Amino acid sequence: MNRTPAAAHTLNRIQKAAVDLGIDLENLPAHVAVIMDGNGRWARKKGLQRLLGHREGYKTLRGVLLDASELGIRYLTVYAFSAENWRRPKEEVDGLMVLIERAAKDELRTMHQNNVRVQVAGRIDEVPEGLRKALEHGIETTKDNTGITFTLAINYGGRAEIVDAIKEIVAQGVPAGQITEETVAAHLYNPETPEPDLMIRTAGEMRWSNFLIWQSAYCELFVTDTTWPEFGSKDLLSAVHTYQSRTRKFGAVVE
Ligand code: IPE
Ligand code: IPE
Ligand code: MG
């Protein structure tokens, strides 16, 4: 592990801004998860169609991925489409699938150049074939990259993930008496990925909406009223700064 103090290196743009805010670069959350919410409300505020909100949200995501990567965050997981989002009007669902497929294709080269490793979480066998193939291609292309691990949660449901884990455990014939929390964790979609330390939700709702419900048992929450299309570098830094002000106790007593 590289133990050289960050100050000894030349700090990049976002690291400088972080240090100016009082953020300790040696104590960043390793894994940040984001519930990217409020695209529809942003669009309505502007008198635009919801899909234009999603398009704007995609631009935000590009910036946040770059910021997180340059800041030194190791894992970024974003909720792009929930297992429950199929309940939306067909036009919006179709539009989102097209948008995500195009984004996956258009961003691959830049992500690869930036040493980003792409993963997905969710039942991707149920998404349209073109999107599934684009995601699989992205995962394969970037699998040996050593920079930030970017996980796109798509057709993702936390309960579905736990059900899928249980199915695997049962299929492997693991005796009930041998099942522990570690067994369940080892059968989640990306068992090598550490649990999130910080979960950010934009647009103000105080709920999980079925996101990483197993993994987020002890993660710190940061909810902002800012909608996802408006979320920028300073909001990310503010979330990290707030995270660093929290005392994590994991059930124990911390003096
Ligand atoms: C989040 O924005 C994006 C997805 C769920 C795909 P919303 O579309 O949920 O935006 P609001 O909640 O309607 O404002
Ligand atoms: C959660 O947002 C899903 C994503 C951000 C992809 P929703 O907008 O679907 O959540 P609810 O419906 O407000 O709980
Ligand atoms: Mg929403």
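Going by the structure above, here's the rest.
Residues numbered from 1 in each chain as written. Chains lettered and ligands numbered in written order. Predicted model: local features only at pLDDT ≥ 70, side-chain atom pairs only at ≥ 80, totals over all residues. Heavy atoms only, no water.

1. What about the site of ligand 2?
Consideration 1: As a matter of local geometry, ligand 2 sits amid I35, M36, D37, Y79, A80, F81, S82, N85, R88, R201, R207 and S209.
Consideration 2: R207 is positioned such that a nitrogen or oxygen atom in its side chain is 2.8 Å from an oxygen atom of ligand 2.
Consideration 3: Measuring from an oxygen atom of ligand 2, one finds a side-chain N or O atom of S209 at 2.6 Å.
Consideration 4: For ligand 2, whose free accessible area comes to 390 Å², the fraction covered by protein is 79%.
Consideration 5: The element contributing the most residues to the shell around ligand 2 is strand β2 (residues 75–82), with four residues. (Near = heavy atom within 4 Å. Polar contact = N/O pair within 3.5 Å; in protein donor to acceptor, adjacent residues only side chain to side chain. Areas by Shrake-Rupley, 256 points an atom, 1.4 Å probe, with all protein chains shown as cover. Helix = DSSP H or I, 4+ residues; strand = E, 2+ residues; numbered from the N terminus.)

2. A few points about helix α4 (residues 90–113)
Consideration 1: In this model α4 runs 35 Å from its N-terminal to its C-terminal C-alpha over 24 residues, within 8% of the 34 Å that 1.5 Å per residue would give.
Consideration 2: At E107, α4 shows its largest bend, some 45°.
Consideration 3: Taken residue by residue, α4 has E92, V93, G95, L96, M97, L99, I100, A103, A104, E107, L108 and M111 as its buried positions.
Consideration 4: Phi turns positive one or two residues past the end of α4, at N115, with a value near 65°. (Expected span 1.5 Å × (residues − 1). Bend = angle between axes of the 7 residues up to and from the residue. Buried < 20%, exposed > 50% of the residue type's maximum accessible area, 1.4 Å probe, protein only.)

3. A look at the site of ligand 1
Consideration 1: Around ligand 1, 13 residues are found, and the nearest of them are D37, G40, R41, R50 and R88.
Consideration 2: In this structure, an oxygen atom belonging to ligand 1 sits 3.4 Å away from a main-chain N or O atom of G38.
Consideration 3: Protein burial of ligand 1: of its 380 Å² of free accessible surface, 87% is covered by the chains.
Consideration 4: Of all elements in the fold, only α2 (39–45), α3 (50–71) and α4 reach the threshold of two or more residues within the shell around ligand 1.
Consideration 5: At three residues, the largest contribution of residues to the shell around ligand 1 is made by α2.
Consideration 6: Looking at side-chain class alone, the shell around ligand 1 contains three nonpolar, five polar and five charged residues. (Nonpolar A, V, L, I, M, F, W, Y, C, P; charged D, E, K, R; others polar.)

4. Points about the nonpolar core
General note: in soluble globular proteins, nonpolar side chains tend to be found buried as a group.
Consideration 1: Residues L71, L76, F150 and I200 are the most contacted members of the largest nonpolar core, which totals 46 residues.
Consideration 2: Of all the elements, α4 adds the most residues to this core, at six residues.
Consideration 3: Residues in contact with L71, not counting those within four places in the same chain, are I14, Q15, A18, L25, L28, L237 and V240.
Consideration 4: With ten residues, the next largest nonpolar core counts I35, A121, M199 and L212 among its residues. (Core = buried A, V, L, I, M, F, W, Y, C linked by side-chain atoms within 4.5 Å. Contact = heavy atoms within 4.5 Å.)

From the geometry alone we can't say anything about function, so treat these as descriptive.
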